[in-house]
Amino acid sequence: MSSYAGADTTAGASNPSGANNLSATEIDAHQRAVSYTCGDCDQDVQLRRGEPIRCRNCGHRVLYKKRTNRMVQFEAR
Amino acid sequence: MPEPTAEELERRNRLQILPEIVSDQTSTDFPGHWPGENHAYDLEKFKKNFKVQFHTDDTASLMKAQKHAIPSSRRIDQVFSLIGIDASLANAFRRIMISEVPTLAIEDVFIYQNTSVIQDEVFAHRLGLIPLTADRLSLHNMAWYTKPVEGEPTATELTDQNCVILHLQVKCEWKEGGLEKAAKGVSDPNELYVNHSVYARDLVWQKHGKQTEWPEDDPVRSVYPDILIAKMRPGQEVIMKMHAHKGIGQDHAKFSPVATASYRLLPTIDILKPIVGADAKKFQGCFPPGVIRLDSVTSEDAKKYGELSEKEGEPKAVVANPMGDTVSREALRHPEFKDKVRLGRVRDHFIFKVESTGQWDSDELFLHSVQLLKTKAQRIKRGLDLMMK
Ligand SMILES: [Zn+2]
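Residues numbered from 1 in each chain as written. Chains lettered and ligands numbered in written order. Predicted model: local features only at pLDDT ≥ 70, side-chain atom pairs only at ≥ 80, totals over all residues. Heavy atoms only, no water.

1. Examining the overall build of chain A
Formally: Put simply, DSSP marks the helices as runs of H or I at least four residues long and the strands as runs of E at least two long, and each gets a number from the N terminus on. Classification of residues uses two cut-offs on accessible area relative to the type maximum, computed with a 1.4 Å probe and protein chains only: under 20% is buried, over 50% is exposed, and between them is partly exposed. By definition in these notes, contact holds between two residues if any of their heavy atoms fall within 4.5 Å. Surface accessibility in these figures is a Shrake-Rupley result with a 1.4 Å probe; residues are shielded only by whichever protein chains are displayed.
Summing up its helical and strand segments, chain A has two helices and four strands in all. A total of 77 residues make up chain A; the buried ones form 17% of that total. Once local pairs closer than 6 in sequence are excluded, the contacts in chain A between residues at least 24 apart make up 40%. Accessible surface for chain A amounts to roughly 5800 Å². Of this, 51% is attributable to carbon and sulfur atoms.

What follows is the structure in structure tokens.
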């Protein structure tokens, strides 16, 4: 887990060239960081759009998306 | 009109418990069964013969067995007898108590966060089954809520009258120094984590509207604070909101106020010929403790029965408390008691045992069932009157 490749792979994928490229970057600036959980060390990882998918703590490349706070309704039956 | 003798009436009122069968189960006191006898239903006769008897209840042992959030003065496991009533009525009361007396229970669960290992739908189901309690007058005055059905106009709206809001928010975390302890091999969750278990006592009632006027000292809460809803580990969290409504057991078992309501017929043990000596001891052993008492053979007994003339002072089996019998029929298995004992049950003596889940007292539940049956009868009567017009 020492060879940190940089932003080459992930940045390219999340930066599509096109007409609304500019507006997308504008939205990015306002977007809050999304919090993930590291698959190795279980730490919180704050990621913004375009950042490499990588744990800041241990460098692990597998991150898990957290459950959102979106409400789901169930019947108690 | 010939009147049956008292012995004949008593014989008719008994079920027979034989070694392999139970006979005479059905009642015969209805019009047309006995020639020349009048068995038409008579309210005055019922009033004269009907009796209610209360027995020592099991509430204390029930309260001792599990922690309760209700006062120990509450009577939630009562045992009582209805004597002189037909099985159809006794059974109607039992069935109404189980499925038609309303209670408050959690119906809708709004899950904002649940990272515990219990799936959302299972979690919601578990919440629904928790018996709730609160000020009983306020609960009694609550209104019904009908869920909106697609395509049909909504009948009721959610109000402070028909909806109780509850909250549950628990997050499990490491205790201070817990991580180090875990590394050393400590595995007791009490030492490692805070909030590792979600209990029914973590439910918090959010008063709204008129509910702020409900008595302060009797909030909406679980009857049993120690009900375990889920287990968690550090980082896991549950955040949910619940709506509790009034409902009946017919709709879902969580609304049933009893667990459960049942009755049995009073057992009878008739000793036809004296059982004495070693046989008496053996006979006593055929029944649960307290059912058979051992007296000694008196001189009167010896005079009355020739075979006892030499046996004055020996132990003699006497029926002390037939209600305690489980009717195991053990006595009928032994040849030495052949033709000496007759087992039976009294057809119109119903020993009810009403174990409440804690929202209502046993006697309140029974009276409520009587009221509901009355309402049903009045509804039918109105319908019949309408039909005759
Ligand atoms: Zn990591």
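2. Observations concerning the domain arrangement of chain B
Residues and elements named next belong to chain B. Counted only if it meets this: A domain assignment, automatic or from a database, supplies the domain bounds used here. Buried area: the accessible surface (1.4 Å probe) lost by two parts on joining, summed over both. Each reported salt bridge corresponds to a side-chain nitrogen of Lys or Arg within 4 Å of a carboxyl oxygen of Asp or Glu. We call two N or O atoms a polar contact when they sit within 3.5 Å, provided that within protein one can donate a hydrogen and the other can accept it, with sequence-adjacent residues counted only if both atoms are side-chain atoms. Charged residues are taken to be Asp, Glu, Lys and Arg, nonpolar residues to be Ala, Val, Leu, Ile, Met, Phe, Trp, Tyr, Cys and Pro, and polar residues to be all remaining types, Gly included.
Assigned domains within chain B: domain 1 (49-101 + 258-270 + 346-389), domain 2 (104-256) and domain 3 (273-339). Summarising the inter-unit geometry, the C-alpha centres of domain 1 and domain 2 are found 30 Å apart. With 19 residues of domain 1 in contact, the opposing surface of domain 2 contributes 19 residues. Carbon and sulfur atoms supply 47% of the area that domain 1 and domain 2 bury against each other, a total of about 1700 Å² over both sides. Considering only the side of domain 1, the residues that lose the most area to domain 2 are K67, A69 and Q359, jointly responsible for 33% of the buried surface there. Linking domain 1 with domain 2 are two salt bridges, by the criterion used here. Between E364 and R136 there is a salt bridge, and its shortest N-O distance comes to 2.9 Å. Across the domain 1-domain 2 interface, the total number found is nine residue pairs in polar contact (both at pLDDT 80 or more). Of all the secondary structure elements, the ones that give two or more residues to the side of domain 1 that touches domain 2 are α4 (87-99) and α11 (362-388). Of the residues belonging to the side of domain 1 that touches domain 2, the class tally is six nonpolar, eight polar and five charged.

3. Some thoughts on the nonpolar core
All names here are of chain B. As a reminder, the rule being used: Throughout this description, the term nonpolar core refers to a set of buried Ala, Val, Leu, Ile, Met, Phe, Trp, Tyr and Cys residues connected via side-chain atoms within 4.5 Å.
Counting residues in each nonpolar core, the largest one holds 52 residues, and the members touching the most others are I106, V109, L127, V164 and L168. Both of domain 1 (49-101 + 258-270 + 346-389) and domain 2 (104-256) provide at least three residues apiece to this core. Setting aside residues no more than four positions away along its own chain, L168 makes contact with F123, L127, V198, D202, L203, V238, I239, M240 and M242. Residues F283, F287, V291 and V341 belong to the second largest nonpolar core, which totals 15 residues.

4. Focus on the coordination of the zinc ion
Rules: Only nitrogen, oxygen and sulfur atoms qualify as donors, and only when within 2.8 Å of the metal (3.2 Å in the case of Na, K and Ca); with water excluded, sites may look incomplete. Metal sites are grouped by the angles between bound donors: all angles between 85 and 135 degrees with four donors is tetrahedral, opposite donors over 155 degrees apart with the others between 65 and 115 is square planar for four donors and octahedral for six, and any other pattern is irregular.
Bound to the zinc ion on the protein side are C38 of chain A (SG), C41 of chain A (SG), C55 of chain A (SG) and C58 of chain A (SG), at distances that span 2.2 to 2.3 Å. Around the zinc ion, the four donor atoms sit at angles spanning 106 to 116 degrees, and that spread fits a shape best called tetrahedral.

5. Focus on the sheet that holds strand β7 (residues 164-171) of chain B
Keep this limit in mind: DSSP bridges decide pairing: two strands pair if at least two such bridges lie between them. Here an angle of 0 to 180 degrees is reported between the N-to-C directions of two axes, which are lines fitted to C-alpha atoms, with helices fitted over the stretch in contact.
One open sheet holds the five strands; their spatial order is β4(A)-β5(B)-β14(B)-β7(B)-β11(B), and the pairing between them is antiparallel. Since the sheet does not close on itself, it has two edges, and those belong to β4 (72-75) of chain A together with β11 (204-206) of chain B, each with one partner. Neighbour-to-neighbour, the strand axes of this sheet turn through a mean angle of 30 degrees, independent of strand direction. Relative to strand β14 (residues 237-247) of chain B, β7 of chain B runs antiparallel, the two sharing eight bridges. Within the sheet, the bridge partner assigned to I165 of chain B lies in β14 of chain B and is H243 of chain B. On top of the sheet, helix α5 (residues 120-128) of chain B reaches β4 of chain A together with β5 (103-114), β7 and β14 of chain B; it is set at about 150 degrees to β5 of chain B, its chief contact.

6. So, the side chain of T268 of chain B
Residues and elements named next belong to chain B. Among the structural elements, T268 can be located in strand β15 (residues 258-271). The buried category is assigned to T268, whose relative accessible area is 9%. Setting aside its immediate chain neighbours within four residues, T268 contacts R14, R342, L343, G344, R345 and V346.

7. Some points on unusual backbone geometry
Residue and element names in this part refer to chain B. In this chain, A259 is followed by T260 through a cis amide linkage whose omega measures 0 degrees. Its location among the elements puts T260 in strand β15. One non-glycine residue, N195, lies in the positive phi region at around 60 degrees. Mapped onto the elements, N195 comes out in the loop between β9 (193-194) and β10 (197-199). Residue N195 is classed as partly exposed on the basis of its relative accessible area of 41%. Of note, D339 is a non-glycine position whose phi angle comes to about 65 degrees, a positive value. Here D339 is to be found in the loop between β17 (315-319) and β18 (341-356).

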